[in-house]
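Fold and contact review
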Amino acid sequence: MSEPAAAGHSRVRRGRRVRISPPPASVLVLLAIVGMCLLAPLVSRQGATGLDPANAFGTMSARHWLGTDELGRDKLSRLLYGGELSLSVAGGSVAVAFLAGTLWGVLASGARGLPDELLMRGADITMAIPQILFALVCVAAFGASLVSLIVLTGLLLAPSTARMARAAIVREMTLDYYTAAVAYGASRGRLLLREVLPNILPDLASQAAINAASAMILEASLSFVGLGVQPPQMSWGVLLQQGYGFLYNDPSYAAAPAILILATVLCLNLAADRLTAVDRLTGGRR
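These lines cover the structure that appears in this document, whether it is placed above or below. (Residues numbered from 1 in each chain as written. Predicted model: local features only at pLDDT ≥ 70, side-chain atom pairs only at ≥ 80, totals over all residues. Heavy atoms only, no water.)

1. Looking at the overall build of the protein chain
What the protein chain contains, in helices and strands, is 12 helices and two strands. Relative to its 286 residues, the protein chain shows a buried fraction of 39%. Sequence separation of at least 24 residues holds for 66% of the intrachain contacts in the protein chain that already meet a minimum separation of 6. For the protein chain, the accessible surface area stands at approximately 15600 Å², while carbon and sulfur atoms represent 67% of it. (Helix = DSSP H or I, 4+ residues; strand = E, 2+ residues; numbered from the N terminus. Buried < 20%, exposed > 50% of the residue type's maximum accessible area, 1.4 Å probe, protein only. Contact = heavy atoms within 4.5 Å. Areas by Shrake-Rupley, 256 points an atom, 1.4 Å probe, with all protein chains shown as cover.)

Here you go:
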């Protein structure tokens, strides 16, 4: 084995040496959190709803790694199952924002003049409204079901996605490959689907990571005030609300979900920065 291959830092392929860099720590931490939550039924030792009132606020032990809550339920199990729901809400919201925002941006970039102005000024007006205030009004009016929460959060995040998508598409339209293809008679719609959209995927992925972080914060905020995920369903926001009521009995009850929310949001933002940096280094072309 050659020295570069043995070092694990580079690989020779077709006469070129391609540098292979390890994934950043933020991505590894994020994958660990997501993996633990998705594998909650396998990782959890006790289940999320098992009651043991005689062992209320139990300390850490071999049976309960993080102790128990006010009803004797295993806190680690509840954190994992709550994280599964929080991540599901964030993922669903990102999907809604991605579809609605990308379509919004495509329409705005293709419709020049007044339609473009109307679409983008609509996005500006929506983004000017505080998300948490608008979400509180909508949830109070339409209810706090899980589906409505996902759709509402996704629609609130769609305008920022639309602005990013439009800017990225307009940038691609100014490049030589697009101008030359149009001059040769290529269909604009075909160029958009086969060339432009694939080239802006890093931008969309970076925005999706930012949207996921925003969705996590918004869901936790709504659940903390009782207008998000409703018990007996669990999310990190619900666990934070419940732990806040017993802050003096067991500070770790509220601290654990708060730390997980903070760590997940931080890792998502760092991953978005990483994607943006990689896109700039490669010139935005794939």
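Having seen the model, we can carry on.
2. What to know about the nonpolar core
Formed by 21 residues in total, the largest nonpolar core has its most connected members in Cys37, Met216, Trp236, Ile261, Val265 and Leu268. Sorting the residues of this core by element identifies helix H2 (25–38), helix H4 (75–110), helix H10 (201–224), helix H11 (236–244) and helix H12 (251–281) as the ones contributing at least two each. Counting residues per element, this core draws most heavily on H10, at six residues. Excluding residues within four positions of it along the chain, methionine 216 makes contact with Ser86, Leu87, Ala90, Trp236, Thr264, Val265 and Leu268. (Core = buried A, V, L, I, M, F, W, Y, C linked by side-chain atoms within 4.5 Å.)

3. Thoughts on the side chain of serine 26
Along the chain, serine 26 turns up in helix H2. Taking relative accessible area as the criterion, serine 26 reaches 11% and is therefore assigned buried. Those residues within four positions of serine 26 in sequence are excluded, and the remaining contacts are Cys267, Leu270 and Ala271.

4. Regarding the environment of alanine 100
Mapped onto the secondary structure, alanine 100 falls in helix H4. With relative accessibility at 27%, the residue alanine 100 sits in the partly exposed group. Sequence-wise, alanine 100 and alanine 162 are 62 residues apart; in three dimensions their C-alpha atoms are separated by 7.8 Å.

5. A look at the packing of aromatic side chains
In this structure the tally under the stated criterion is two aromatic pairs. An angle of 70° between the planes, with centres 5.7 Å apart, marks the rings of phenylalanine 224 and tyrosine 244 as edge-to-face. Of this pair, phenylalanine 224 sits in helix H10 while tyrosine 244 sits in helix H11, placing them 20 residues apart in sequence. Ring centres of phenylalanine 246 and tyrosine 253 lie 6.2 Å apart, and the angle between their planes is 10°; this geometry places the pair in the stacked category. Taking the relative accessible area as the measure of exposure, phenylalanine 246 reaches 27% and is therefore partly exposed. Note on tyrosine 253: relative accessible area 4%, which makes it buried. (Phe/Tyr/Trp six-rings, centres within 6.5 Å; stacked < 30°, edge-to-face > 60°.)

Without other data, these values stay purely geometric and don't point to any function.
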